[in-house]
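The lines below spell out each chain.
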Amino acid sequence: MSRIGRMPVAIPAGVTVDVTADNKVTVKGPKGTLERVMVPEMDIKVEEGQVVVTRPNDLKKNKSLHGLTRTLIYNMIVGVTEGYVKKLEVNGVGYKAAKAGNKLTLSLGYSHPVEMIDPDGITTTVDGNIINVAGIDKEKVGQYAAEIREKRKPEPYKGKGIKYSTEVIRRKVGKTGKK
């Protein structure tokens, strides 16, 4: 039995979880509403303030989907109660980020500024050289943060570029001169 899959997900106060017949899970909370259609093989039940996910048999596919389904539901509940935030750091001389409305403008050493428009449900804030990407959907927050980072990945010699605040860049030694 999956250790993660068999753990019930507690439903906090102020959150409602609805499961329809086609395994469409709807989670409503103080920060918003999330919907997701889960795989039809899993059996999802809401009982006594908890969400319980069970699998029909021990086929390899069902074993792998068991823990995944439970974790997706847990992430939805955390998203509508607390939300998710990814922090990005902009490092480098002349590299900067600015925010105007829902448009994020990045100056990253290219001949032109890079402009990105926030997707629905995602907000970005700029505080000096730190970009905060926030939202209730963990998947969308992570994807948008990855797209921002992709505009100028950190390089290993000087550490210039956009990196996650928790990311550690393995530095390389530069060239040595002839003697």
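The shown structure was predicted, so the numbers you read here are calculated from the model rather than taken from an experiment.

Caption draft 1: Structural detail: the sheet that holds strand E6 (residues 50-54). Read from one edge of the open sheet, 3 strands run E1-E6-E5, paired in antiparallel fashion. Of all strands in the sheet, those bounded by a partner on one side alone are strand E1 (9-10) and strand E5 (43-47). Across the face of the sheet, helix H1 (residues 60-81) comes into contact with E1, E5 and E6 while running at roughly 160° to E6.

Caption draft 2: Representation of helix H2 (residues 138-150) in the model. Helix length check: H2 (13 residues) gives 18 Å between terminal C-alpha atoms against 18 Å at 1.5 Å per residue, within 8%. If you check which residues of H2 are buried, you get Val141, Tyr144, Ala145, Ile148 and Arg149. The buried side chains of H2 occupy one side of the element, clustering within an arc of 140° when seen end-on. Away from its buried face, by an angle of more than 90 degrees, H2 presents the exposed residues Glu139 and Glu150. Check the buried side of H2 and you find it contacts strand E7 (84-91), strand E9 (103-107), strand E10 (114-117), strand E11 (122-127), strand E12 (130-135) and strand E13 (161-164). The backbone nitrogen of Glu139 has a side-chain oxygen 3.2 Å away, supplied by the residue at the start of H2, namely Asp137.

Caption draft 3: Representation of the pattern of salt bridges. What the rule picks out here adds up to 10 salt bridges. The partner of Arg149 in a salt bridge is Glu167, with the nearest N and O atoms 2.7 Å apart. On the criterion of sequence distance, the pair formed by Arg149 in helix H2 and Glu167 in the segment after E13 is long-range, its members being 18 residues apart.

Caption draft 4: Local environment of the packing of aromatic side chains. Throughout the structure, instances matching the rule amount to 0 aromatic pairs. Its end group placed over the ring of Tyr164, Lys86 keeps NZ or CZ at 5.3 Å from the ring centre. For Arg152, the ring lying beneath its charged end belongs to Tyr110, and the centroid distance is 4.3 Å.

Caption draft 5: Just the nonpolar core, in detail. The biggest cluster of nonpolar side chains holds 19 residues, and the ones touching the most others in it are Leu88, Val90, Leu106, Ile131, Val133, Ile148 and Ile162. Contributions of two or more residues to this core are made by E7, E9, E10, E12 and H2. Of the residues forming this core, the biggest block, 4 residues, is contributed by H2. Residues within four places of Val133 in sequence aside, it is in contact with Tyr84, Val85, Lys86, Leu88, Ile122, Thr123, Thr124, Val141, Tyr144, Ala145 and Ile148.

Caption draft 6: View of the environment of Ile162. Among the secondary structure elements, Ile162 is positioned in strand E13. In this view, Ile162 contacts Leu88, Glu89, Val90, Leu106, Leu108, Ile148, Arg149, Arg152, Lys153 and Pro154; residues no more than four positions away in its chain are not counted.

Conventions we followed
- The numbering scheme is per chain: residues are counted from 1 as the chain's sequence reads.
- Only residues with pLDDT of at least 70 are given local features in this predicted model, and only at 80 or more are side-chain atom pairs given and counted; all residues enter the totals for whole chains, interfaces and linings.
- Heavy atoms throughout the structure, all of them, feed into the side-chain values; hydrogens and water do not.
- Any two strands with at least two DSSP-identified bridges between them are counted as paired.
- The way it works is that DSSP assigns letters per residue, a run of H or I at least four long becomes a helix, a run of E at least two long becomes a strand, and they are numbered from the N terminus.
- In what follows, residue pairs with any heavy atoms lying within 4.5 Å of each other are defined as contacts.
- The angle between two axes is taken between their N-to-C directions and runs from 0 to 180 degrees, where each axis is a line fitted to C-alpha atoms and a helix contributes only its stretch in contact.
- Here a helix's expected span is defined as the number of its residues, less one, multiplied by 1.5 Å.
- Only protein chains enter the accessibility calculation, which uses a 1.4 Å probe; a residue is then buried when its area is under 20% of its type maximum, exposed when over 50%, and partly exposed in between.
- Read the arc as the range of directions from the helix axis to the C-beta atoms.
- Pairs of N or O atoms are called polar contacts if they sit within 3.5 Å, as long as, within protein, a hydrogen donor faces a hydrogen acceptor (for residues adjacent in sequence, only side-chain-to-side-chain pairs).
- Only one rule defines a salt bridge in this text: a Lys or Arg side-chain nitrogen within 4 Å of an Asp or Glu carboxyl oxygen.
- Aromatic rings from Phe, Tyr and Trp, with only the six-membered ring used for Trp, were paired whenever their centres fell within 6.5 Å, and each pair was classed as stacked if the ring planes differed by under 30 degrees, edge-to-face if by over 60, and tilted otherwise.
- Note on geometry: a ring has a charge over it if NZ (lysine) or CZ (arginine) is within 6 Å of the ring centre and within 35 degrees of the ring normal.
- In plain words, nonpolar cores are sets of buried Ala, Val, Leu, Ile, Met, Phe, Trp, Tyr and Cys residues tied together by side-chain atoms within 4.5 Å.

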